[in-house]
Structures are given as structure tokens and as C-alpha cells.
Amino acid sequence: QVQLVESGGGLVQAGGSLRLSCAASGRTFSSYAMGWFRQAPGKEREFVAAISWSGGSTYYADSVKGRFTISRDNAKNTVYLQMNSLKPEDTAVYYCAADRDYGTYYSGSPDYWGQGTQVTVSS
């Protein structure tokens, strides 16, 4: 079992930055690939970014590539999402996810999810 708790969301103006954090419980954090998803009002949940267990491989949705950066600190059991050049269309609830299989982030649904943190970008 992995429990995930997101933090760092908030209200920011367009062009600004936020850093989301996701703290994971358990001693096996380093064996999980981690990812971020988001869901805007009235829309389906969509993939944002993923990172392999070692941090050596990352994968981004086209909509955030070049603006967002995913990273992890296995010593702190934490994964981060640095979001720069934010746009109003980035407004959504952002969810952290964990799965042992990095390939899941390409087409599937990870096994574990956090409760989400709201990000609102004003124009």
C-alpha cells in the first residue's frame, strides 16, 4: 500500500509558477514510478507527467512540455511538479499517482492516487 498526500496548490496569475509536492508513505517509494494527472471542471482526468523509479526517465503531456518539470527525492519519499509559465487552461485539481510499472503512465491508470490539490490560474 502507498498513501499519497499532495500539497502546494493555490491561486496564481497567468505567467506565474507553482511547485506541487507529493509525499508518499511506506519504505518502498523508490520502487514506484510516480506521476501527476489533472482534472479540470467538466473534463476528464488527463495525464500530465511521469517519472521512473530512479528519476532517470521522464515523460510529459504535450500541453505542458517545456513548462513543467517532474522530479523526485527518494530519500524524502517525495515527488515534485514544478510548473512555470502557467496558463488559465492549467486550472485543475492535480493528482499524484504511483505505480510499480512506469509503462502504465502511457496508457493505463496507476494503482494509487492522492486526494488532489487545486491549482487556479487567473488571467
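Please refer to the structure higher up on the page.
Presented here is a report on the structure given in the accompanying data block. As the structure is a computational prediction, the values presented were derived from the model and not from experiment.

Structural notes on the pairing of strand S7 (residues 68-73)
It is a general feature of regular strands that their side chains alternate between the two faces of the sheet.
Right, on to step 1. Burial along S7 is one-sided: Phe-68, Ile-70 and Arg-72 are buried, while Thr-69, Ser-71 and Asp-73, pointing the other way, are not.
Right, on to step 2. The antiparallel hairpin formed by S7 and strand S8 (residues 78-83) contains four residues in its connecting segment, where Asn-77 sits at a positive phi of about 55°.

Observations regarding the packing of aromatic side chains
Right, on to step 1. Taken as a whole and judged by the stated rule, the model has seven aromatic pairs.
Right, on to step 2. For the ring pair Phe-47 and Tyr-59, a centre distance of 4.8 Å and an interplane angle of 25° mean the geometry is stacked. With Phe-47 in strand S5 (residues 46-51) and Tyr-59 in strand S6 (residues 58-60), this residue pair connects regions lying twelve residues apart in the sequence.
Right, on to step 3. For Phe-47, a relative accessible area of 15% gives the class buried.
Right, on to step 4. Taken together, the aromatic side chains of Phe-37, Phe-47, Tyr-59, Tyr-102, Tyr-105, Tyr-106 and Trp-113 make up a single cluster linked through ring pairs.

Comments concerning the sheet that holds strand S3 (residues 18-24)
Right, on to step 1. Sheet architecture is open: four strands sit in the order S1-S3-S8-S7, paired in antiparallel fashion. The strands lining the two open edges of the sheet, one partner per strand, are strand S1 (4-7) and S7. Pairs of neighbouring strands in the sheet enclose a mean axial angle of 15°, with direction left out of account.
Right, on to step 2. Sheet topology places S1 next to S3; four bridges connect them, and they run antiparallel. The partner of Glu-6 across the bridge, within S3, is Cys-22.

Here's the deal with the side chain of Ser-52
Right, on to step 1. Tracing the chain through its elements places Ser-52 in the loop between S5 and S6.
Right, on to step 2. Polar side-chain contacts of Ser-52 include one of 3.3 Å to the backbone nitrogen of Gly-56.
Right, on to step 3. Once you skip the residues sitting within four places of it in the chain, Ser-52 turns out to touch Ala-33, Ser-57, Arg-72 and Tyr-102.

Describing the pattern of salt bridges
Right, on to step 1. A complete count under the given rule lists four salt bridges for this structure.
Right, on to step 2. Across the pair Asp-90 and Arg-38 runs a salt bridge whose closest N-O atoms are separated by 2.9 Å. Of this pair, Asp-90 sits in the loop between S8 and strand S9 (92-99) while Arg-38 sits in strand S4 (residues 33-39), and the two are 52 residues apart along the sequence. We note that Asp-90, like Arg-38, is buried.
Right, on to step 3. Among the ionic pairs, Arg-67 bridges to Asp-90, the shortest N-O distance being 2.8 Å. Of this pair, Arg-67 sits in the loop between S6 and S7 while Asp-90 sits in the loop between S8 and S9; the two residues are 23 residues apart in sequence, bridging distant segments of the chain. A single burial state applies to Arg-67 and to Asp-90, both of which are buried.
Right, on to step 4. Each of Arg-38, Glu-46, Arg-67 and Asp-90 takes part in a single network of salt bridges with overlapping partners.

Each value, and the rule that gives it
- Residues numbered from 1 in each chain as written.
- Predicted model: local features only at pLDDT ≥ 70, side-chain atom pairs only at ≥ 80, totals over all residues.
- Heavy atoms only, no water.
- Buried < 20%, exposed > 50% of the residue type's maximum accessible area, 1.4 Å probe, protein only.
- Helix = DSSP H or I, 4+ residues; strand = E, 2+ residues; numbered from the N terminus.
- Pairing = 2+ DSSP bridges.
- Phe/Tyr/Trp six-rings, centres within 6.5 Å; stacked < 30°, edge-to-face > 60°.
- Axes fitted to C-alpha atoms, helices over the stretch in contact; angles between N-to-C directions.
- Polar contact = N/O pair within 3.5 Å; in protein donor to acceptor, adjacent residues only side chain to side chain.
- Contact = heavy atoms within 4.5 Å.
- Salt bridge = Lys/Arg side-chain N within 4 Å of Asp/Glu carboxyl O.

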